[in-house]
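Read off the chains here:
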Amino acid sequence: MSARADTNNDGRWLGLYVLGYLVFLYLPVLLIPLFSFNNSIQAAFPLQGFTLEWYRTLYGSPALSGALANSLVIGVIAASGATLCGITVSYMDLYGRSPLAATISAIARLPILIPGVIVGISLLILVNLIGLGPSRVSIVLGHILVALPTTVVVMRSRFAAIPKTIREAALDLGASDWTTFRRVMLPLSAPAVLSAFMLSFLISFDEFIVVFFLAGTEPTLPLYIWSQLRFPRSLPTVMALGTVILAVSFIIAGTAEVLRHRGLGTARRNPA
Amino acid sequence: MSSTIAAARPSPETRISPVFRFAMLLPGGLVTFFLILFALGLVVFLAFRGNDGSLLGVGLTSRNFVTVATDPLYWTVTLRSLVIAGLVTLATVVTAYPVAYYLAFHAGRRRNLLLFLVTLPFWTSYLLRVFAWKIVLAYNGVLNSAFIETGLWSEPTLAFLNTPAAVVVTLAHAYAPFAILPIYVALDTIPKSLLEAASDLGARPFTSFRRVVLPNSMPGVLAAALVVFVPTVGDYVTPAMVGGPASTMIGTLIQSQFGKANDWPFGAALSVCVMLVILCVVLVARGADRRFGSRT
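Residues numbered from 1 in each chain as written. Chains lettered and ligands numbered in written order. Predicted model: local features only at pLDDT ≥ 70, side-chain atom pairs only at ≥ 80, totals over all residues. Heavy atoms only, no water.

A. Spatial organisation of the overall build of chain B. Along its length, chain B carries 13 helices and 0 strands. Starting at the N terminus, the α and β elements of chain B follow one another as α-α-α-α-α-α-α-α-α-α-α-α-α. For 296 residues, the compact-globule formula gives about 19 Å, and the C-alpha radius of gyration of chain B, at 25 Å, lies well above that figure. Residues counted as buried form 49% of the 296 residues belonging to chain B. Put simply, chain B shows about 14100 Å² of open surface, and 69% of that area lies on carbon and sulfur atoms. (Helix = DSSP H or I, 4+ residues; strand = E, 2+ residues; numbered from the N terminus. Rg over C-alpha atoms; globule rule 2.2 N^0.38 Å. Buried < 20%, exposed > 50% of the residue type's maximum accessible area, 1.4 Å probe, protein only. Areas by Shrake-Rupley, 256 points an atom, 1.4 Å probe, with all protein chains shown as cover.)

B. View of the overall build of chain A. Counting its regular elements, chain A contains 12 helices and 0 strands. Reading the helices (α) and strands (β) of chain A from amino to carboxyl end gives α-α-α-α-α-α-α-α-α-α-α-α. Expressed along its principal axes, the backbone C-alpha trace of chain A runs to roughly 70 × 70 × 30 Å. A total of 272 residues make up chain A; the buried ones form 53% of that total. Restricting the contact set of chain A to residue pairs at least 6 apart, pairs at least 24 apart contribute 72%. Carbon and sulfur atoms form 67% of the exposed surface of chain A, whose accessible area is close to 12200 Å². Between the mean site of the 18 positive side-chain charges and the mean site of the 11 negative ones, chain A shows a separation of 4 Å. (Contact = heavy atoms within 4.5 Å. Lys, Arg positive; Asp, Glu negative; His and termini not counted. Charge placed at Lys NZ, Arg CZ, Asp CG, Glu CD.)

C. Structural detail: the interface of chain A and chain B. Counting residues at the interface gives 88 residues for chain A and 82 residues for chain B. Between chain A and chain B, roughly 7900 Å² of surface is buried when both sides are summed, and carbon and sulfur atoms account for 80% of that area. For the interface between chain A and chain B, the tally reads 0 salt bridges. Applying the counting rule to chain A against chain B returns 7 residue pairs in polar contact (both at pLDDT 80 or more). At 18 residues, helix α1 (residues 2-36) of chain A tops the list of elements feeding residues into the side of chain A that touches chain B. A per-class count over the side of chain A that touches chain B returns 66 nonpolar, 13 polar and 9 charged. (Buried area = accessible area lost by both parts, 1.4 Å probe. Salt bridge = Lys/Arg side-chain N within 4 Å of Asp/Glu carboxyl O. Polar contact = N/O pair within 3.5 Å; in protein donor to acceptor, adjacent residues only side chain to side chain. Nonpolar A, V, L, I, M, F, W, Y, C, P; charged D, E, K, R; others polar.)

D. Quick peek at the pattern of salt bridges. Residues and elements named next belong to chain A. According to the stated counting rule, one finds 4 salt bridges over all chains in the structure shown. Put simply, Asp93 and Arg109 hold a salt bridge, and the shortest N to O gap is 3.8 Å. Pair noted here: Asp93 is in helix α3 (residues 62-95) and Arg109 is in the loop between α4 (99-108) and α5 (116-129), with a separation of 16 residues, a long-range link. A salt bridge links Glu218 to Arg136; its shortest N-O distance comes to 3.3 Å. With a gap of 82 residues between them, Glu218 in the loop between α10 (211-214) and α11 (221-228) and Arg136 in helix α6 (residues 136-161) connect regions that are remote in the sequence. Through salt bridges with shared partners, a single ionic network connects Asp93, Arg109 and Arg156.

E. Spotlight on the packing of α3 of chain A against helix α8 (residues 177-188) of chain A. Residues and elements named next belong to chain A. It is the contact of α3 with α8, at a shortest axis distance of 13 Å, that shows an interaxial angle of 95°. When the axis of α3 is compared with that of α8, the two are roughly perpendicular. Packed against α3, whose contacting residues are Ile87, Tyr91 and Tyr95, the element α8 presents Phe181, Met185 and Leu186 at the interface. Class assignment of the residues belonging to the contact of α3 with α8 gives a composition of 6 nonpolar, no polar and no charged. (Axes fitted to C-alpha atoms, helices over the stretch in contact; angles between N-to-C directions. Parallel < 35°, antiparallel > 145°, perpendicular 65-115°, else oblique.)

F. Structural detail: the packing of aromatic side chains. This structure, assessed with the given rule, holds 25 aromatic pairs over all chains. A ring pair is formed by Phe24 of chain A and Trp133 of chain B, whose centres lie 6.1 Å apart and whose planes are at 55°; its orientation type is tilted. Highlighted residues: Phe24 of chain A in helix α1 and Trp133 of chain B in helix α6 (residues 126-137), drawn from two different chains. For Trp133 of chain B, a relative accessible area of 8% puts it in the buried group. Ring centres of Tyr97 of chain B and Phe209 of chain B lie 6.0 Å apart, and the angle between their planes is 85°; on these two criteria the pair is classed as edge-to-face. Of this pair, Tyr97 of chain B sits in helix α4 (residues 72-105) while Phe209 of chain B sits in helix α10 (residues 205-233), and the two are 112 residues apart along the sequence. For Tyr97 of chain B, a relative accessible area of 10% puts it in the buried group. The class for Phe209 of chain B is partly exposed, based on a relative accessible area of 22%. (Phe/Tyr/Trp six-rings, centres within 6.5 Å; stacked < 30°, edge-to-face > 60°.)

G. A look at the side chain of Ser189 of chain A. Residues and elements named next belong to chain A. Relative to the assigned elements, Ser189 resides in the loop between α8 and α9 (190-206). When its relative accessible area of 0% is taken as the criterion, Ser189 is described as buried. A polar contact is formed between the side chain of Ser189 and the backbone oxygen of Met185, at a distance of 2.8 Å. Dropping the residues within four chain positions of it, Ser189 is found in contact with Met155, Arg158, Phe159 and Ile162.

H. Seen up close, the confidence of the model for chain A. All names here are of chain A. Overall, the predicted model of chain A reaches an average pLDDT of 85, with 91% of residues at or above 70. Contacts from residues 1-5, a stretch scored under 50 in pLDDT, to residues over four places away or in other chains number 0 contacts. Note on residues 268-272: pLDDT under 50 across the span, and 4 contacts to partners over four residues away in sequence or across chains. (pLDDT = per-residue confidence, 0-100.)

I. View of the packing of α4 of chain B against α10 of chain B. Residue and element names in this part refer to chain B. Two elements in contact, α4 and α10, have axes whose closest approach is 8 Å; the angle formed by their N-to-C orientations is 135°. Taken together, the axes of α4 and α10 are oblique relative to one another. At the point where α4 passes α10, the crossing takes the right-handed sense. Residues Ser81, Leu82, Ala85, Gly86, Val88, Thr89, Thr92, Val93, Tyr97, Tyr101 and Phe105 of α4 form the contact with α10, whose own contacting residues are Phe209, Val213, Leu214, Ser217, Val221, Ala224, Ala225, Val228, Phe229, Thr232 and Val233. Among the residues forming the contact of α4 with α10, the class breakdown is 16 nonpolar, 6 polar and no charged. (Left-handed = near helix turned anticlockwise from the far one by under 90°.)

Okay, structure coming up:
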């Protein structure tokens, strides 16, 4: 009895702690939307009054829309590449039964252990060597690399959750490897594919440390923000932009999360 | 019956067609061998070259490493990076542990929602999270105006921004979600029977935490420490934004070698040193994992 009361008590204290932790996590981030509606150049209390002025300046900036378009295109291509690699690498790691596939899978998760600045400079040397130079293609390559560990981890856990018997049944019934992969395994892991794509898109969209080295004349959105942060005058506009990005990121991350859980739910409803 | 069928047909695993295998290994193989291994090889190669302004440098020299080893500046900056990254790692892991514990043992139906809320800030722009701290800590920032508003201070202080402490707080905030997930996964996989056994054998809650839960969650703690330590030790954005000149980190130096300073071979040598330091940390963490964790 008393032990039970104890754990309940612990739970309550821990719950309070978690609440405080969430406040610490969110409070600084929520300042950005708050000040984006504030009618003052300076981000300081007391607030000066409500305005949509900063959002209006956002609307008519060609440099901004250029950077946004760049980020979207790069994000979609890099996310497609990273997701493709994540699917194939983890599939072969689990079912390829070859040391090469296992090695590739291990190396694909290696970028977690390399700081972004080193990923950036190593790719900068590489793209200069092969004549590509800093360009949008180079950024795509960099972002595939940065997102790769995430897509491999997401896809690997999904493939591992599909009962082995399903794939074996398909193969025993005469389906080729390709058919089994395309008609059985891929549809079964569709939610994870989508969630891997969205996560890698978000990674690319927000990435700054690597892109800093690889960008040519056309900046991405984080580079544009970085260039604006130097001018105190443009700070409110940056915060308005930040608010829009926050909102969109929240929506995408939320959707990816829902999809991931739906995927896991299907796996649980169809046990071996 | 089923065994005779299995014997009659080749096992599904052994008959993967070479074309399929090649096509499936190609994208990952290209990326891993070319973009990761070859690119890192280039860095190591460049680190042993002299700087003549050309892309791959000239000659074969160890001068870059000699400079790194003999110039006290690099020792200071490396040491500072290690201390800052170490403090950030300690702070994130220690503060994240109770959250992960709550998620694993107390959250109940709210678990998925909490997990989502905890990881959500990670998906928002890193630059903006760092920038938010600049708003908080600046001379006319939130913290200063709050203190003046409440009458604690009569005038704003410069003491918050441009200090190594600001870098530690900002990085700890930016990487907090990284630490929670690995610890949570480790805690979640501890069999409940283990905890029941401990309490049945008379262990009090704290003893069973110290002797059962903590050792079993060590692999998660070490993984968390690693995923926080690695990106923070090479960070150059946060020191530039909230750190000021007194908190230049090794990432800042590497970045400037490929920018203003324009000495790529030397920057490559610095990068090799950072990778060696990380390798040491990984090996220590591995050793610690073997010693404390995986007691099952």
